[in-house]
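Results of the structural survey
Spelled out, the chains give:
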Amino acid sequence: MASEDPHEESIKVCCRFRPQNQLEKEQSGKICITLGDDITSVYVPTIDTSFVYDRVFGSESTQKEVYDYAAKPIINGVLRGFNGTVFAYGQTSSGKTHTMEGPDIEDEVQMGVIPRMVWSIFDGIDHAADYIEFVVKVAIVEIYNERIRDLLDPKKDNLKIHEDKARGVFIGEVTETYVGSEQEIFDMMKVGKYNRSVAETNLNEHSSRSHLIFMMTIEQKNLHDRSLKVGKLHLVDLAGSEKVAKTGASGERLDEAKNINRSLSALGNVINALTDRKSTHVPYRDSKLSRVLQESLGGNAKTSLIITCSPSYFNEQETISTLRFGQRAKMIKNVVKVNHERSVEELKLLLQRRDQIVGDLRHRVSLLEQLLRSNGIPVPEDKGLSLPLPGTASPAPVDEAEKTELEEQLQELRSKLKEKSDEFCEASKEKDDLLSQLQLAQNEQRRLSMEAKNAKEEVENMDYERQEQASELAKLQNEKTALESELEALSKNYTNLFQEKAGTPTSREREREPAAMCSRSRAPCLEDKDADRPLKKKVSQLDKNLESLTVMYHKLVAQNSGLKVEVTENDNKIKRKDLRIQQLESNLREAKQKYTKLMTQCANLTAMIDVRGRKNCNVCGSSGGNSQARRSPAVVRPLRGGVSARVETGLGDPVGTPKATSGSPSERADSPKASSPTSSPVSLRGGTKSRAKAPVYDPPSR
């Protein structure tokens, strides 16, 4: 891909507030923000802070107003050959899906960004010049629980992300369908919406549980100069960040909320790294979402961010977090450029023009030679020598022997120069090998350092756990001692009570004695029976206490033995970790020694290359003084880059018939599988309004 007019451009950030819903009105109904009169600022009284964006839309704003300002310029840029991205960010139930899709994609008033984009794209094709030919491809995917799923072919539920120099970052094996009308795209959007993961929460009856990415590729070919421009459009409807306490998520919904918040957190980390001047690494690979949007954040794309917020005091914390996210994103700078690819036909036209210019120049030279001869001025046969000026003496003729000697010297110098060039190439190759080895050693050193650090942290954690277990063991031992003493005291009391009970008269004696006394008086007999009952109750209670204490004692003994075994296992683990740390430290020392050795070799090799370079310069200078080498003009092929690579088979290929799979044969052999279109290519001629309506694409059954 060749690029034209690269320039730096900031991300456009717009803020949109929705009206309060029924839940917010029931809670308090208070408004937590104030919109500025300049329609670009938002003031939050509770934190006394104002946030400034490119545009702020109130709750009364229409879908058309949001689209015309936030998304339509991006669509126009894609039609000119730029890459473009529009995505919505905000908490759950803040209006992201309403903004991007709308409640009904066929409602002219309520339709969102994506359906309006479809009409704008085909309207731009209709108003383009008739010598411009368009090819449009569409793909729809979702990122659900950190897995990329093809919504046009739900069987592909774990697609991989790849990257190469020709196509950049792309999703492999995704279904790309060629389209020729608006209705075909609307049918595919219905299929994607039908297959998308949604669920009900306390805040939203139709909560999106995945990130939706709508991808459109527009190729436009100029039939006059055979040039090709490719624009790629990403429209992203992000899932909302959630607070589990408010949404009431549990089970599968809770796992979805965790993955959603994790990916949005990774996206925030990417934006923080892009806006932090001290940061040296941007963590695009921390999540699938940030990886797919790599070109949109800090890369080659015109990007527009729409943050959606709730104005209610009930969601104040989430609104402030969203406003801060948009403020950080506004600081990102993208370097945008037109994705322009010179086709074989265009290169041949340029070659023909150059040949025509060379022919004209030769004809002019012949006329000038005739003019010189007519004026008596000799014309030298060697075209490398300059022409003598009129009125000056012609140079003395060169001796044939001297000429032969000079040619031999020139040939010798050329051979020496070739040898030196070969040596220089070998030295450069050796230097590159050493640099690659040095890079590997540095990576190994960093890896070993991280492993040693992790191992030390694990040892510290295990030491802490061992100390806690030791303290718990001491506590249990103290409790055991106290229980043993208490058990011993209870045993003594029980023995004393038993002895006291044995020393009292037997039951028969007690029966005889009261029987004799009962004749005298029945009142003393009843008093003796009442006095004996509390003693029996006390004895039975002591028996129960003794049994419970015995059971508790056995449990504590078993727990104590288990803790001793666990402490022994932890000691063994700590010993193994210590051995592992020693091994990692020795490996780290070896890696440092290799690193130092490679640095020394690189320094020596660089010095040797500099010396040889100076010698080559001297040789070139000596050879340049004796003769003037003739060089033939070189044709430099343009670089291939951007979003897709195409194979041109020559002028004989029919116009507007792109290959089903992008990339050259070598790229298809070396790189992962490219996306496979499911329909035949459809060529659209600019200015043509008679497009056939495609058959309705019925959604498949789940």
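Below you will find a few notes about this structure. Computed from a predicted structure; not experimentally measured.

Reading the values: rules and limits
- Residues numbered from 1 in each chain as written.
- Predicted model: local features only at pLDDT ≥ 70, side-chain atom pairs only at ≥ 80, totals over all residues.
- Heavy atoms only, no water.
- Helix = DSSP H or I, 4+ residues; strand = E, 2+ residues; numbered from the N terminus.
- Buried < 20%, exposed > 50% of the residue type's maximum accessible area, 1.4 Å probe, protein only.
- Contact = heavy atoms within 4.5 Å.
- Areas by Shrake-Rupley, 256 points an atom, 1.4 Å probe, with all protein chains shown as cover.
- Polar contact = N/O pair within 3.5 Å; in protein donor to acceptor, adjacent residues only side chain to side chain.
- Pairing = 2+ DSSP bridges.
- Axes fitted to C-alpha atoms, helices over the stretch in contact; angles between N-to-C directions.
- Parallel < 35°, antiparallel > 145°, perpendicular 65-115°, else oblique.
- Left-handed = near helix turned anticlockwise from the far one by under 90°.
- Nonpolar A, V, L, I, M, F, W, Y, C, P; charged D, E, K, R; others polar.
- Disulfide = S-S within 2.5 Å.
- Salt bridge = Lys/Arg side-chain N within 4 Å of Asp/Glu carboxyl O.
- Phe/Tyr/Trp six-rings, centres within 6.5 Å; stacked < 30°, edge-to-face > 60°.
- Lys NZ or Arg CZ within 6 Å of the ring centre and 35° of its normal.
- Core = buried A, V, L, I, M, F, W, Y, C linked by side-chain atoms within 4.5 Å.
- Expected span 1.5 Å × (residues − 1).
- Bend = angle between axes of the 7 residues up to and from the residue.
- Patch = residues over 30% accessible without salt bridge, like charges linked within 9 Å, V, L, I, M, F, W, Y side chains within 5 Å.
- Lys, Arg positive; Asp, Glu negative; His and termini not counted.
- Charge placed at Lys NZ, Arg CZ, Asp CG, Glu CD.

1. Here's the deal with the overall build of the protein chain
Along its length, the protein chain carries 14 helices and 20 strands. Counting all 702 residues of the protein chain, 38% fall into the buried class. Considering only intrachain contacts with a sequence separation of at least 6, the fraction spanning at least 24 residues in the protein chain is 75%. As presented, the protein chain carries roughly 40800 Å² of accessible surface, and 51% of it is formed by carbon and sulfur atoms.

2. Concerning the side chain of Arg149
In this structure, Arg149 sits in strand E9 (residues 147–150). Of note is the side chain of Arg149, whose polar atom sits 2.6 Å from the backbone oxygen of Asn195. Residues within four places of Arg149 in sequence aside, it is in contact with Val141, Glu142, Pro154, Lys156, Asp157, Asn195, Arg196 and Ser197.

3. Quick word on the pairing of strand E8 (residues 132–144)
Extensive coverage of E8 is indicated by the burial of 13 of its 13 residues. Side chains Ile132, Phe134, Val136, Val138, Ile140, Glu142 and Tyr144 of E8 all project onto a buried face; the interleaved residues Glu133, Val135, Lys137, Ala139, Val141 and Ile143 project onto the opposite face, where all are buried too. Pairing analysis gives twelve bridges linking E8 to strand E15 (residues 211–222), with the strands arranged antiparallel. Residue pairing for E15: Val141 is matched across the bridge by Ile213. Bridge count between E8 and E9: four bridges; the pairing is antiparallel. Bridge pairing in E9 links Val141 to Asp150. A loop of two residues connects E8 with E9, the two strands running antiparallel in sequence, and Asn145 in this loop sits at a positive phi of about 55°.

4. A short note on the packing of helix H4 (residues 113–126) against helix H5 (residues 182–195)
Where H4 meets H5, the axes come as close as 10 Å, and the angle between the chain directions of the two elements is 160°. In terms of orientation, H4 lies roughly antiparallel with respect to H5. Remark: the crossing between H4 and H5 carries right-handed chirality. Of H5, the residues touching H4 (which contributes Ile114, Pro115, Val118, Trp119 and Phe122) are Glu182, Ile185, Phe186 and Met189. For the contact of H4 with H5, the per-class residue count stands at eight nonpolar, no polar and one charged.

5. Details of the state of the cysteines
Applying the stated rule across the entire model yields zero disulfides. With no disulfide of its own, Cys32 has Cys309 as its nearest cysteine by sulfur position, at a separation of 8.9 Å. Take Cys32: its relative accessible area is 4%, and that puts it in the buried class. Of all cysteine sulfurs, the one in Cys15 lies closest to Cys309, which takes part in no disulfide; the gap is 4.1 Å. Since its relative accessible area comes to 1%, Cys309 is described here as buried.

6. A look at the pattern of salt bridges
As a working rule, side chains carrying opposite charge can pair if their charged atoms are close by. Using the criterion set out here, one finds 17 salt bridges in the structure. For Glu142, the salt bridge is made with Arg149, and the minimal N-O distance between the two is 2.6 Å. Glu142 sits in the buried class, given a relative accessible area of 0%. Accessibility expressed as a relative area gives 18% for Arg149, which makes it buried. Within this structure, Glu444, Arg447, Glu451 and Arg580 form a network of salt bridges that share partners.

7. Quick notes on the packing of aromatic side chains
Applying the stated criterion across every chain yields a total of three aromatic pairs. With a centroid separation of 5.6 Å and an interplanar angle of 55°, the aromatic rings of Trp119 and Phe186 are classed as tilted. Of this pair, Trp119 sits in helix H4 while Phe186 is found in helix H5, placing the two residues 67 residues apart along the sequence. The cationic tip of Arg55 hangs over the ring face of Tyr69; the distance from NZ or CZ to the ring centre is 5.3 Å.

8. Some remarks on the nonpolar core
One finds Tyr53, Leu305 and Leu323 to be the most contacted residues of the largest nonpolar core, which totals 45 residues. Among the elements that line this core, the one with the most residues is helix H7 (residues 252–275), at five residues. In contact with Leu305, not counting residues within four places along its chain, are Ile11, Lys12, Val13, Cys14, Phe87, Tyr89, Phe325, Gly326 and Ala329. If you look at the next biggest cluster of nonpolar residues, it comprises 42 residues, including Ala71, Ala88, Leu152 and Ile218.

9. Looking at helix H10 (residues 344–374)
Residue pairs spaced three or four apart in an α-helix point in one direction, given the helix's 3.6 residues per turn. Taking 1.5 Å per residue, 31 residues should reach 45 Å; H10 reaches 45 Å between its end C-alpha atoms and fits that length. With its phi angle positive at about 80°, Gly376 sits one or two positions after the end of H10.

10. Comments concerning helix H2 (residues 63–79)
Taken as a whole, H2 carries its principal kink of about 50° at Ala71; the proline Pro73 stands between one and four residues after it. One or two positions beyond H2, positive phi appears at Gly81, with a value near 110°.

11. Some thoughts on the sheet that holds strand E5 (residues 49–52)
Hydrogen bonds between backbone atoms are what pair the strands of a sheet, whose relative direction is either parallel or antiparallel. Read from one edge to the other, the open sheet built from three strands follows the order E3-E4-E5, with strand pairing classed as antiparallel. Among the strands making up the open sheet, the edge pair consists of strand E3 (34–35) and E5. Bridging between strand E4 (residues 41–44) and E5 involves four bridges; their strand directions are antiparallel. Paired with Tyr43 across the strands is Ser50, a residue of E5. With respect to the sheet, helix H9 (residues 316–329) is in contact with E4 and E5, its orientation differing from that of E5 by roughly 45°.

12. Observations regarding a negative patch on the surface
A cluster of acidic residues, Glu419, Asp422, Glu423, Glu426, Glu430, Asp432 and Asp433, forms a negative patch on the protein surface. For Glu419, the position within the fold is in helix H11 (residues 400–503).

13. Overview of the packing of H2 against H4
H4 packs onto H2 with a crossing angle of 45° between their chain directions and a minimal axis gap of 10 Å. On the basis of the axis angle, H2 is oblique to H4. The handedness of the crossing between H2 and H4 comes out as right-handed. Counted together, Gln63, Lys64, Tyr67, Ala71, Ile75 and Leu79 of H2 and Val113, Arg116, Met117, Ser120, Ile121 and Gly124 of H4 form the full contact between these two elements. The residue makeup of the contact of H2 with H4, split by class, is seven nonpolar, three polar and two charged.

14. Thoughts on unusual backbone geometry
Here Ser93, not a glycine, exhibits a phi torsion of approximately 65°, which is positive. Along the chain, Ser93 falls in the loop between strand E7 (84–90) and helix H3 (96–100). The exposure class of Ser93 is buried, given its relative accessible area of 15%. Of note, Glu146 is a non-glycine position whose phi angle comes to about 60°, a positive value. Its place among the elements puts Glu146 in the loop between E8 and E9.

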